[in-house]
Amino acid sequence: MRGFLACLSIALAACGQERIEVSHEIANDYNHGKLQTAIDKFVAAGRTPQAFAELSQTVFALRPGMDRSVAEQAELRVLVLALDPVKAMAQKPMTEQVDALALTVWPTLLTDEIEADEILRKRDEKAAELMPKPGEDAHAYLQRLCGTRLAADCKQVVPEFQGHILHALVTRRATERVRNAVADCMMCSTEPGWKEAVRGWEALDHDANMWLGEIERKADPINWPIAGAASEKDPNLPEAEVTATGEIIIGGQRYGATTRIDALRDLKFMGGNNADDAPIALHLRPELSLAQTKGILADIRKAGIKKVAIIARAPQYPWDRRIYWLSDVTGTRAGLRPTDTLQLLLHAIDHLAEPGAVARVD
């Protein structure tokens, strides 16, 4: 009996020792602590676009170790924190927004929701295509996405407006995701800050929808003549657009019949070329008649401009900008009627002349 009690005592002691060892093990928090550390680093860095890029990279690296609860927190907090750098850039020109956000914030908002990895769940293998490639700049990133994964959204958009379309797409996607994330969060109903973040994204989405339709119409390649064999690479000249009503648009400012000649006179010096014969570029619609085109060229001459380039587009994506040279006093004649279109003239010049030739509008 005494031996049995001794053995029992040893067994209990052993069990007690094992329990003590287990109690000292660090419980697995499924990367919750590392997630919070990454968020704190983002806040300390000033909530900048670059800091957000580092945060999102850390979150994606931590995701395989997350459980469902931590993944839901990551989804919610990443979307809310992304609002800060996006709002900070909201009033900047789109070119500046693209430079700041396209490679840092937008990729995370374009991807799928952050979810815990599961053995039986197969993720979209093409999701990596939404991420910037090494050495890729913002322009190349947008052009690649619009030609591949996002072709349905922006392949029929000229490069100058791809940033606008992607901005609207990202904002809509982020708004949907943050609504779902807050709705799935049981504790968020007691803290107004989460709903305020939803309203912040909704406001940005509303603003984008106010101009999206107009941008989509303006960005369609059909608004430019199709470039052919006689066109040249666009030299990025000072540019004006001529509307269907004859107004001149320069830098978003409209000039009517009484002011357009002065505006054109000022335009030729905007590119830093102070020479009297400095050329300009015009955006004319392809269906414009040659009679209308000749009237525009007459105003150009009154403004003291001797050389005019007409902007055209390559016939396939990415719709590269090309130019033709046009004149109403010299150049290659195509023998067309005043009622024929500008596009027909350019097609004729493709067959009659070499690149760099001047097409004469009779």
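Here's a quick rundown of the structure.

Calculation notes
Residues numbered from 1 in each chain as written. Predicted model: local features only at pLDDT ≥ 70, side-chain atom pairs only at ≥ 80, totals over all residues. Heavy atoms only, no water. Helix = DSSP H or I, 4+ residues; strand = E, 2+ residues; numbered from the N terminus. Buried < 20%, exposed > 50% of the residue type's maximum accessible area, 1.4 Å probe, protein only. Contact = heavy atoms within 4.5 Å. Areas by Shrake-Rupley, 256 points an atom, 1.4 Å probe, with all protein chains shown as cover. Phe/Tyr/Trp six-rings, centres within 6.5 Å; stacked < 30°, edge-to-face > 60°. Lys NZ or Arg CZ within 6 Å of the ring centre and 35° of its normal. Polar contact = N/O pair within 3.5 Å; in protein donor to acceptor, adjacent residues only side chain to side chain. Salt bridge = Lys/Arg side-chain N within 4 Å of Asp/Glu carboxyl O. Axes fitted to C-alpha atoms, helices over the stretch in contact; angles between N-to-C directions. Parallel < 35°, antiparallel > 145°, perpendicular 65-115°, else oblique. Arc of directions from axis to C-beta. Right-handed = clockwise from strand over helix to strand, strands pointing away. Pairing = 2+ DSSP bridges. Core = buried A, V, L, I, M, F, W, Y, C linked by side-chain atoms within 4.5 Å.

### A word on the overall build of the chain
Thought 1: Across its full length, the chain carries 13 helices and eight strands.
Thought 2: Counting over 362 residues, the chain shows a buried share of 43%.
Thought 3: Considering only intrachain contacts with a sequence separation of at least 6, the fraction spanning at least 24 residues in the chain is 69%.
Thought 4: Element-wise, carbon and sulfur atoms account for 54% of the exposed surface of the chain, whose accessible area totals about 19800 Å².

### A word on the environment of alanine 334
Thought 1: Take alanine 334: it is sitting in the loop between β7 (321-327) and α13 (342-352).
Thought 2: Look at alanine 334 and you get partly exposed, because its relative accessible area is 21%.
Thought 3: For the pair alanine 334 and alanine 359, spaced 25 residues apart in sequence, the C-alpha separation works out to 7.8 Å.
Thought 4: The contact partners of alanine 334, leaving out residues within four places of it in the chain, are Leu345, Ala348 and Leu352.

### Regarding the packing of aromatic side chains
Thought 1: A full pass over the atoms with the stated rule returns two aromatic pairs.
Thought 2: Considering the side-chain rings of phenylalanine 42 and phenylalanine 52, the 6.1 Å spacing of their centres and the 75° angle between planes classify their relative orientation as edge-to-face. Separated by ten residues along the polypeptide, phenylalanine 42 in helix α2 (residues 32-44) and phenylalanine 52 in helix α3 (residues 49-62) bring together distant segments of the chain.
Thought 3: By relative accessible area, which is 1% here, phenylalanine 42 ends up buried.
Thought 4: Taking 6.5 Å as the distance between ring centres and 90° as the angle between the ring planes, the aromatic pair formed by tyrosine 317 and tryptophan 319 counts as edge-to-face.
Thought 5: Note on tyrosine 317: relative accessible area 18%, which makes it buried.
Thought 6: For the cation-ring pair, lysine 307 lies above tryptophan 325, with the distance from its terminal atom to the ring centre recorded as 4.3 Å.
Thought 7: Residue placement shows arginine 313 over the ring face of tryptophan 224; its charged tip is 4.3 Å from the ring centre.

### Quick look at the side chain of histidine 283
Thought 1: If you trace the backbone, histidine 283 turns up in strand β5 (residues 280-283).
Thought 2: A distance of 3.3 Å separates the side chain of histidine 283 from the side chain of tryptophan 224, its partner in a polar contact.

### Quick word on the pattern of salt bridges
Thought 1: In total, this model carries 21 salt bridges according to the counting rule given.
Thought 2: The salt bridge partner of glutamate 136 is arginine 144, with a shortest N-O separation of 2.7 Å.
Thought 3: Judged by its relative accessible area of 14%, glutamate 136 is buried.
Thought 4: Relative accessible area serves as the criterion here: at 16%, arginine 144 is assigned to the buried category.
Thought 5: Among the salt bridges present, the one from arginine 217 reaches glutamate 214, with a minimum N-O distance of 2.9 Å. In this pair, arginine 217 and glutamate 214 both sit in helix α10 (residues 192-218), three residues apart, roughly one turn of the helix.

### What about the packing of α2 against α3?
Thought 1: Close contact between α2 and α3 brings their axes to 9 Å; oriented N to C, the two are set at 175°. In terms of orientation, α2 and α3 fall into the roughly antiparallel class. Here α2 contributes Lys34, Leu35, Ala38, Ile39, Lys41 and Phe42 to the contact with α3, which in turn contributes Ala51, Phe52, Glu54, Leu55, Thr58, Val59 and Leu62.

### Let's talk about helix α11 (residues 260-267)
Thought 1: For α11, the complete set of buried residues consists of Ala263, Leu264 and Leu267. For α11, the arc enclosing every buried residue in end-on projection is 100°, short of the 170-degree limit, so these residues lie on one face.
Thought 2: For α11, the secondary structure elements touched by its buried residues are β2 (239-242), β3 (248-250), β4 (253-255), β5 and α12 (290-302).

### Notes on the pairing of strand β6 (residues 308-313)
Thought 1: For β6, the buried fraction is high: six of the six residues fall into the buried class.
Thought 2: By the alternation rule, side chains of β6 split into Val308, Ile310 and Ala312 and Ala309, Ile311 and Arg313, which are all buried.
Thought 3: Taken together, β5, α12 and β6 constitute a β-α-β crossover, and its handedness is right-handed.
Thought 4: Here six bridges tie β6 to β7, and the two strands are oriented antiparallel to one another. Residue pairing in the sheet places isoleucine 311 in a bridge with isoleucine 323 of β7.

### Some details on the nonpolar core
Thought 1: With 72 residues, the main nonpolar core has Trp106, Leu110, Leu166 and Trp201 as its most contacted residues.
Thought 2: Counting residues per element, this core draws most heavily on helix α4 (residues 68-89), which supplies twelve residues.
Thought 3: Sequence-distant contacts of tryptophan 201, defined by excluding residues within four places in its chain, comprise Leu79, Ala82, Leu83, Val86, Leu109, Thr171, Ala174, Thr175 and Val178.
Thought 4: Listed in part, the 32 residues of the second largest apolar core include Ala230, Ile280, Leu288 and Ile349.

### Re unusual backbone geometry
With the exception of glycine, the majority of residues adopt a negative phi angle, and the majority of peptide bonds are in the trans configuration.
Thought 1: A cis amide bond links tyrosine 317 with the next residue in sequence, proline 318, at an omega value of 10°.
Thought 2: With respect to the helices, strands and loops of the structure, proline 318 is situated in the loop between β6 and β7.
Thought 3: With phi around 55°, tyrosine 30 is a residue other than glycine that occupies positive phi space.
Thought 4: Structurally, tyrosine 30 is set in the loop between α1 (2-23) and α2.
Thought 5: Judged by its relative accessible area of 36%, tyrosine 30 is partly exposed.
Thought 6: The phi angle at asparagine 31 is positive, at roughly 70°, despite the residue not being glycine.
Thought 7: Here asparagine 31 is to be found in the loop between α1 and α2.
Thought 8: According to the relative accessible area criterion, asparagine 31 is buried, its value standing at 15%.

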